[in-house]
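Listed here are the chains, written in short residue letters.
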Amino acid sequence: MQTYNRIALVGIEQEEYEVIRANYSGLIIWHQALPKIVVKDQVLYMEKANGVGMLPVDKVVYYGIYDNDFDFIAGLAIWNGDCYPNAAAMLDCRFKIPCLVKALTHTQFSAPRGFISAEASMNATEDTVAKWGNWHCGENKHRFTGEWESEFTATTEAYFEGEAVRIMVLGDKHWQIKLEGETWLKSIHPNSAGFMPVDAELLADTLHIQKAMQMDMIGNDYIVGKDGKKYLLEVNHIPNITRFEAIREAYLSTVIAFING
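Residues numbered from 1 in each chain as written. Predicted model: local features only at pLDDT ≥ 70, side-chain atom pairs only at ≥ 80, totals over all residues. Heavy atoms only, no water.

### Thoughts on the nonpolar core
- Counting residues in hydrophobic clusters, the biggest one holds 49 residues, and the most contacted among them are Leu9, Ile12, Val60, Leu170 and Tyr251.
- Among the elements that line this core, the one with the most residues is helix H6 (residues 245-260), at 7 residues. (Core = buried A, V, L, I, M, F, W, Y, C linked by side-chain atoms within 4.5 Å. Buried < 20%, exposed > 50% of the residue type's maximum accessible area, 1.4 Å probe, protein only. Helix = DSSP H or I, 4+ residues; strand = E, 2+ residues; numbered from the N terminus.)

### Looking at the packing of aromatic side chains
- Counted by the stated rule, this structure contains 14 aromatic pairs.
- Between tyrosine 62 and tyrosine 66, the ring centres sit 6.4 Å apart and the planes meet at 55°, which makes this aromatic pair tilted.
- Overall, tyrosine 62 belongs to the buried group, its relative accessible area being 0%.
- On the basis of relative accessible area, tyrosine 66 is assigned to the buried category, the value being 18%.
- One aromatic cluster in this structure is built from Tyr63, Tyr84, Tyr251 and Phe258.
- The lysine or arginine in question, lysine 59, covers the ring of phenylalanine 258, its NZ or CZ lying 5.1 Å from the ring centre.
- Above the plane of the ring of tyrosine 159 lies arginine 143, whose end atom (NZ or CZ) is 3.6 Å from the centre. (Phe/Tyr/Trp six-rings, centres within 6.5 Å; stacked < 30°, edge-to-face > 60°. Lys NZ or Arg CZ within 6 Å of the ring centre and 35° of its normal.)

### Side note on unusual backbone geometry
- The amide bond that connects tyrosine 84 to the next residue, proline 85, takes the cis arrangement and shows omega of -5°.
- At asparagine 5, a residue that is not glycine, the phi angle is positive and equals roughly 55°.
- Relative to the helices and strands, asparagine 5 resides in the segment before strand S1 (6-10).
- Phi at glutamine 42 takes a positive value of approximately 65°, unusual for a residue other than glycine.
- By the secondary structure assignment, glutamine 42 is in the loop between strand S3 (37-40) and strand S4 (43-47).

### So, the packing of helix H2 (residues 69-79) against helix H3 (residues 87-94)
- Running from N to C, H2 and H3 cross one another at 150°; their axes reach a closest spacing of 8 Å. Viewed along their axes, H2 and H3 adopt a mutual orientation that is roughly antiparallel. The element H2 and its partner H3 pack so that their crossing is left-handed. Each of Asp69, Phe70, Ile73, Ala74, Leu76 and Ala77 in H2 lies in contact with H3, whose residues at this interface are Ala87, Ala88, Met90, Leu91 and Arg94.
- Each residue belonging to the contact of H2 with H3 can be placed in one class, and the counts come to 9 nonpolar, no polar and 2 charged. (Axes fitted to C-alpha atoms, helices over the stretch in contact; angles between N-to-C directions. Parallel < 35°, antiparallel > 145°, perpendicular 65-115°, else oblique. Left-handed = near helix turned anticlockwise from the far one by under 90°. Contact = heavy atoms within 4.5 Å. Nonpolar A, V, L, I, M, F, W, Y, C, P; charged D, E, K, R; others polar.)

As structure tokens, then:
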């Protein structure tokens, strides 16, 4: 039962906000940037969207990745109230390297990773990919062979030729998306990216990771090699929900059920 008849939407874009607004009869605090919050006596207070002061909220829907969102998510996790997605799981997955370390203990499609400190050098005898930073958007990657000095702390992995795909799970629905791109970097954004038949093994692997890491939504990127071998590349804790209308509709249905539940 809701105490304050008030929910908070953080990071939700205008178009999705309007759909949610039309399907919720209570009060809403809506922030597209990170708001200030206070947790006191197990109550979450959030700054008003307009005006001065803070108000208590019953539930939070969070969607987005910001430069400085780790502490905000930690506050939501300390509150331990109704949050979609689960704040503690988002906290575990926000930083890519720790998230990858955990995911590799749960996947059946792991491959050895390397690690390189900032301003250290590595000599790779085989085609290698370095990844750094905490943005899950296809950036901050470098492919190399031979000597390479990393400006940032990074993980390294073998470069595998093959098909890049994403398994997306949201609520009781799931999809497999073929990732595309004009270079070796693939993503969901090119017009040629789209749905494809779901690989049962990859779906089972994603569902296992999702359950083990207590995630409400997940987007796992894999490579299916030319030899048929499969490799987990990374876990996305806030996968894109607006690129494909079917996923957007499923997300909105899930959120509306959550805030009205």
